[in-house]
Each structure stands twice: as C-alpha cells, then as structure tokens.
Amino acid sequence: MNHSFLILHGLGGSGPEHWQSWLYKQLVDAGEKVYYPTLPDYNNPYLENWIHTLEDTFEAISSDQITVVAHSLGCILWLHFVSKNEQLIKRRVKRVVLVAPPSPFLEHEIIQRFFPIPFKGRETVQPCNQTLQIQSTNDPYCSVEDSYYFKDLGLEQHLVINKGHINIDSGFGKWQWILDYCLNHNHEFAVYKG
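A brief structural summary. From a predicted model like this one, the values you see are computed outputs, not experimental measurements. One numbering rule holds for all chains: residues counted from 1, following each sequence as written. The predicted origin of the model limits local features to residues at a pLDDT of at least 70 and limits the giving and counting of side-chain atom pairs to 80 or more, whereas totals for whole chains, interfaces and linings rest on all residues. Processing note: side-chain calculations cover all non-hydrogen atoms of the structure and skip hydrogens and water entirely.

### Thoughts on the overall build of the protein chain
Secondary structure elements are defined from DSSP: runs of H or I of at least 4 residues count as helices, runs of E of at least 2 residues count as strands, and each element is numbered from the N terminus. Counting its secondary structure elements, the protein chain contains 7 helices and 6 strands. Sequence-ordered secondary structure for the protein chain, helices as α and strands as β, is β-α-β-α-β-α-α-β-α-β-α-β-α. Each residue gets one of three labels from its accessible area relative to the maximum for its type: buried under 20%, exposed over 50%, partly exposed in between, using a 1.4 Å probe on protein chains only. Here the protein chain holds 194 residues, and the buried ones make up 56% of them. Here a residue-residue contact requires only that any non-hydrogen atoms of the pair lie within 4.5 Å. The contacts in the protein chain between residues at least 6 apart in sequence include a share of 79% that link residues at least 24 apart. About 8900 Å² of surface is accessible on the protein chain, with carbon and sulfur atoms providing 47% of the total. Reported accessibility uses the Shrake-Rupley method at a 1.4 Å probe radius. Residues are deemed covered only where the shown protein chains occlude them.

Put into structure tokens, the structure is as follows:
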C-alpha cells in the first residue's frame with residue numbers, strides 16, 4: 001500500500017523556517033512522497049484559484065493512502081475541497097490534520113473570501129478515517145469560542161495552551177510531534193497536548 005503526504009500552507013505561504021517547510025524536508029529525507037504546492041497569489045488569494053491548484057495537485061497523486069496536513073487558511077481550502085469531492089476523499093485520504101484554522105468571524109477581507117464553508121451536516125466534514133483539528137487557546141486569528149465553529153462541523157478538536165497561531169512567531173519551526181505522527185502510518189488518533 002503506497003502512501004503520500006499533501007501539505008497545504010495558508011495566507012502568506014509558509015516560509016523556509018516554518019514547520020510545514022521543515023516537515024516537507026524531513027519527510028522527503030525519510031524517503032516519503034510529498035506534495036507541497038505553492039498556492040497562487042498567496043499574499044492575496046482567491047478561493048477559486050486555490051481550489052484549482054489543489055484539484056490539479058490531488059489529481060497528480062497516485063497513492064491510495066494520503067495524509068493531509070494543512071495550516072491556517074489552507075485548512076479552510078481543504079474543507080471546501082472536501083465538500084466538492086467527498087467520495088473521492090473517502091476512497092483515498094487516510095488522515096487529515098488541520099492546524100490553526102482562522103475564525104469564520106474574523107474581520108479580515110481576504111479570509112472572508114474563503115467563507116462560508118458549504119457544509120450542511122456533521123457527517124459531511126469527516127469522510128476520511130481521521131480528521132484532527134489543533135487549535136491554540138491564544139490564536140490571534142481564532143478565539144477558543146470561535147473555534148467551536150469547527151468542532152460543531154464534526155471535527156475532532158484538540159485545544160493546546162498558549163501556542164499562538166502555531167507558526168514561526170510562536171516557536172514552531174521544528175515540530176517533532178507532527179513528523180512523528182506523519183511517519184507512523186498506522187497510528188490511530190494521536191493526541192497532541194502541546
């Protein structure tokens with residue numbers, strides 16, 4: 001059974017020091033097949049353009065077992081993709097980790113372009129075996145109260161204490177937990193406690 005990884009960055013991209021870029025390198029060095037597309041106009045993105053790039057990338061993945069790791073606005077992109085491709089994802093995606101999605105209520109013009117998410121019920125959001133959302137209690141882009149929006153969609157949510165936006169600014173360059181989770185292909189639902 002072959003396996004691949006799909007990493008989705010958020011608004012502004014994930015620079016070379018970001019944990020996603022570190023994760024990409026670590027997985028490649030471990031001999032894994034990794035897809036890490038640069039989403040278009042990442043400083044001023046539009047959902048339709050990002051969806052198109054994700055569709056092209058997903059089509060290029062030949063593996064039948066995929067782990068998706070998304071950060072920030074990349075999480076919202078993934079949820080839109082799920083809503084359009086539920087059956088395909090059920091067949092091919094094994095695990096999803098959504099890290100620090102932004103609030104749907106945030107007064108930010110670019111982020112609001114990606115909302116609302118077109119889900120009607122809790123069962124729709126988790127077509128793959130495992131979908132985990134990791135949210136910090138002091139994320140400047142999503143309060144704990146706002147993060148319950150994602151929990152109400154049916155996501156398994158793990159809150160961590162005072163980790164900011166789980167990015168470079170909050171000390172996440174190297175992130176050993178996410179690498180260990182990715183490399184353990186048979187791992188059941190892991191708990192990240194920060």
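### What to know about the pairing of strand β5 (residues 130-136)
Counted residue by residue, β5 has 7 buried out of 7 residues, so it is predominantly covered. The two faces of β5 match: Gln-130, Leu-132, Ile-134 and Ser-136 on one face and Thr-131, Gln-133 and Gln-135 on the other face are all buried. Pairing between two strands requires that DSSP report at least two bridges joining them. With 5 bridges connecting them, strand β4 (residues 93-99) and β5 associate as parallel partners. Each bridged residue has a counterpart across the sheet, and for Val-97 the counterpart in β5 is Leu-132. Where β5 lies against strand β6 (residues 156-160), 5 bridges are found, and the strand directions are parallel.

### What about the side chain of Arg-95?
Examined against the element boundaries, Arg-95 turns out to sit in strand β4. Under this rule, positive means Lys or Arg and negative means Asp or Glu; His and the chain ends count for nothing. We define a salt bridge as a contact between a side-chain nitrogen of Lys or Arg and a carboxyl oxygen of Asp or Glu at a distance within 4 Å. Buried charged residue Arg-95 carries no salt bridge. Nearest counter-charge: Glu-32, at 8.4 Å. As used in this structure description, the phrase polar contact means that two N or O atoms lie within 3.5 Å; if the pair is within protein, one of them must be able to donate a hydrogen and the other to accept it, and residues adjacent in sequence are counted only when both atoms belong to side chains. Among the polar contacts listed, one links the side chain of Arg-95 to the side chain of Thr-67, at a separation of 3.3 Å. Among the polar contacts listed, one links the side chain of Arg-95 to the backbone oxygen of Tyr-181, at a separation of 2.8 Å.

Take it as geometry only, folks, not as evidence of what the structure does.
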